[in-house]
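One letter stands for each residue in the lines below.
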2 protein chains.
Amino acid sequence: MRRLVPVPLTAEGFAPFGTVIERPAEPGGRLINGGTSRRHDLLADLGVQAEGGHPLLTLFHAQARPFPLRLGELERHRLGSQTFVPLAGARCVIVVAAADAPLHAEALQAFQVRGDQGFVLAPGTWHHALLAIDEGDFVVIERGADTVDCDEQALDTPVELNLG
Amino acid sequence: MRRLVPVPLTAEGFAPFGTVIERPAEPGGRLINGGTSRRHDLLADLGVQAEGGHPLLTLFHAQARPFPLRLGELERHRLGSQTFVPLAGARCVIVVAAADAPLHAEALQAFQVRGDQGFVLAPGTWHHALLAIDEGDFVVIERGADTVDCDEQALDTPVELNLG
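Since this is a predicted model, take the numbers as computed values, not measurements.

**Q** Lay out the relation of the copies chain A and chain B with the relevant residues and their values.
**A** Between chain A and chain B, which share one sequence, the superposing operator has a rotation angle of 180° and an axial displacement of 0.0 Å; the RMSD is 0.0 Å. What the rotation and shift describe, once combined, is the action of a two-fold rotation axis. The share of interface residues of chain A whose copies in chain B are also at the interface is 100%, consistent with both copies meeting through the same surface.

So, in structure tokens, the structure goes:
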């Protein structure tokens, strides 16, 4: 059995899997609204429009998961991204594997997401279902369409996720 | 001069202007992720795809505004919605007027948004620029496109916004 411990979510570490939603460390951006806000463009296109898709807005109220946790399967949505933003500071763990590689337990990476961070899973990124550390609400924006776009695959080796 | 005091943001009160992002008071929704999350679909389509538009992800770091505040002008985006979600509990006030009516000071309504709420401005809804009560970050999803879609209009009568 593989044992997996999440590392803190950072833009650099998560880049192969998607986009981190947080205020950039560098000032950057540009002033708007009469200088009262600074705007940082994070992702030019969420990418949910393939094959007639559109951005669908939903809210997940998640229970806190018990850790350590045995991971059994992951899923991916090949036609659209999936965006998660905690609505009131709930933390979570995101377990991912690269979109363009076969799914093996050894390929998994885990990131711990603070309550003031969100993330976008790029289309095709393998990911485990939401693993909330705190009970709470997560705003989710994903591709809505007439057909389901979800591949599920069991792991070849069991993986135990521990918060460390 | 008109004086305006925000009322608490509720789905019912805000319905003419857009969608409130919060966990519905009624249980509803459906269980997902092996029963560990309850999913509430809030809006089937954000509606940002008109005329080649796509969903753009940005982050506003907003200063806290001083109140009372004199409001001078509002704006609208006719081709797409605009979604605001506080990333770490910052509160704000949203000042709006109906999309399909001429903009007059008397038509304005103001809502106070808790730190565990977000909202979607429906396409065309007149709104004031973000008015943060607390300094903080707001995740914004709006229509990205090659051309700018923003009408600005000065109010016919000055309006003073007070938190009450």
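**Q** Give me the lowdown on the pairing of strand 6 (residues 54-62) of chain A, citing residues and values where you can.
**A** Counting buried residues along strand 6 of chain A, nine of its nine residues qualify, which places the element largely inside the surrounding structure. As defined by bridge partners, strand 6 of chain A adjoins strand 14 (residues 136-144) of chain A across nine bridges and the pair is classed as antiparallel. Looking at the pairing, phenylalanine 60 of chain A lines up with phenylalanine 138 of chain A of strand 14 of chain A. With six bridges joining them, strand 6 of chain A and strand 5 (residues 37-43) of chain B adopt antiparallel strand pairing. Looking at the pairing, leucine 57 of chain A lines up with leucine 43 of chain B of strand 5 of chain B.

**Q** Tell me about the confidence of the model for chain A, and name the residues and values.
**A** The pLDDT averaged across chain A works out to 96; a share of 100% of its residues lies at or above 70. Across the assembled chains, the prediction reports ipTM 0.96 with pTM 0.97.

**Q** Give me the lowdown on the sheet that holds strand 5 (residues 37-43) of chain A, citing residues and values where you can.
**A** Here seven strands make up an open sheet; going across it, the order is 4(A)-5(A)-6(B)-14(B)-8(B)-11(B)-3(B) and the pairing antiparallel. Unpaired on one side and paired on the other, strand 4 (30-32) of chain A together with strand 3 (18-21) of chain B mark the two borders of the sheet. Between one strand and the next, the sheet's axes are offset by a mean angle of 25°, whatever the strand orientation.

**Q** Any chance you could break down the environment of threonine 157 of chain B for me, citing the residues and the numbers?
**A** Residues and elements named next belong to chain B. Structurally, threonine 157 can be placed in strand 15 (residues 151-161). Under the relative-accessibility criterion, threonine 157 is labelled partly exposed at 32%. The spacing of threonine 157 and glutamate 73 is 84 residues in sequence and 10.0 Å in space, taken between C-alpha atoms. Apart from residues no more than four positions distant in its own chain, threonine 157 is found in contact with Met1, Arg2 and Ala105.

**Q** Lay out the interface of chain A and chain B with the relevant residues and their values.
**A** Listed by partner, the interface residues are 46 residues for chain A and 46 residues for chain B. If you look at where chain A meets chain B, you find four salt bridges. A salt bridge links arginine 39 of chain B to glutamate 142 of chain A; the shortest N-O distance between them is 2.7 Å. Across the contact surface, chain A and chain B share 28 residue pairs in polar contact (both at pLDDT 80 or more). Elements with a contribution of two residues or more to the side of chain A that touches chain B: strand 5, strand 6, strand 8 (82-86), strand 11 (118-121) and strand 14 of chain A. No other element matches strand 6 of chain A, which puts nine residues into the side of chain A that touches chain B. Across the side of chain A that touches chain B, the residue classes break down as 22 nonpolar, 14 polar and 10 charged.

**Q** Explain the pattern of salt bridges residue by residue, including any values.
**A** A complete count under the given rule lists 18 salt bridges over all chains for this structure. For the salt bridge of glutamate 160 of chain B with arginine 3 of chain B, the shortest nitrogen-to-oxygen distance reads 3.5 Å. Of this pair, glutamate 160 of chain B sits in strand 15 while arginine 3 of chain B sits in strand 1 (residues 2-4), and the two are 157 residues apart along the sequence. Among the ionic pairs, arginine 39 of chain B bridges to aspartate 41 of chain B, the shortest N-O distance being 2.8 Å. According to the relative accessible area criterion, aspartate 41 of chain B is partly exposed, its value standing at 47%. The structure contains a network of salt bridges with shared partners spanning Glu22, Arg114 and Asp116 of chain A.

**Q** Residue-level account of the sheet that holds strand 14 of chain A, with values.
**A** Taken together, seven strands build an open sheet; the order of strands is 3(A)-11(A)-8(A)-14(A)-6(A)-5(B)-4(B) and the sheet is antiparallel. What marks the edges here is a single partner per strand, and that holds for strand 3 (18-21) of chain A together with strand 4 (30-32) of chain B. Neighbouring strand axes in the sheet, compared pairwise and without regard to direction, differ in orientation by 25° on average.

**Q** Residues and numbers for the layout of surface pockets, please.
**A** Which parts of space are left empty comes out when a probe the size of a water molecule is rolled across the atoms. Of the volumes computed, that of the largest pocket is approximately 720 Å³. If you trace the largest pocket, you find 34 residues lining it, with Arg39 of chain A together with Glu75, His77, Gln82 and Cys150 of chain B closest to the centre. Looking at the lining of the largest pocket, the elements with two or more residues in it are strand 4 and strand 5 of chain A together with strand 6 (54-62), strand 7 (69-76), strand 8 (82-86), strand 9 (92-97) and strand 14 (136-144) of chain B. Grouping the amino acids of the lining of the largest pocket by side-chain chemistry returns 14 nonpolar, 10 polar and 10 charged.

About the thresholds
- Residues numbered from 1 in each chain as written.
- Chains lettered and ligands numbered in written order.
- Predicted model: local features only at pLDDT ≥ 70, side-chain atom pairs only at ≥ 80, totals over all residues.
- Heavy atoms only, no water.
- Least-squares fit on C-alpha atoms with pLDDT ≥ 70 in both.
- Contact = heavy atoms within 4.5 Å.
- Buried < 20%, exposed > 50% of the residue type's maximum accessible area, 1.4 Å probe, protein only.
- Helix = DSSP H or I, 4+ residues; strand = E, 2+ residues; numbered from the N terminus.
- Pairing = 2+ DSSP bridges.
- pLDDT = per-residue confidence, 0-100.
- Axes fitted to C-alpha atoms, helices over the stretch in contact; angles between N-to-C directions.
- Salt bridge = Lys/Arg side-chain N within 4 Å of Asp/Glu carboxyl O.
- Polar contact = N/O pair within 3.5 Å; in protein donor to acceptor, adjacent residues only side chain to side chain.
- Nonpolar A, V, L, I, M, F, W, Y, C, P; charged D, E, K, R; others polar.
- 1 Å grid on protein atoms, 1.4 Å probe; cavity = no way out; pocket = protein on both sides within 12 Å on 5 of 7 lines; lining within 4 Å.
- Points joined across faces, edges and corners; volume = space filled by probe spheres on them.

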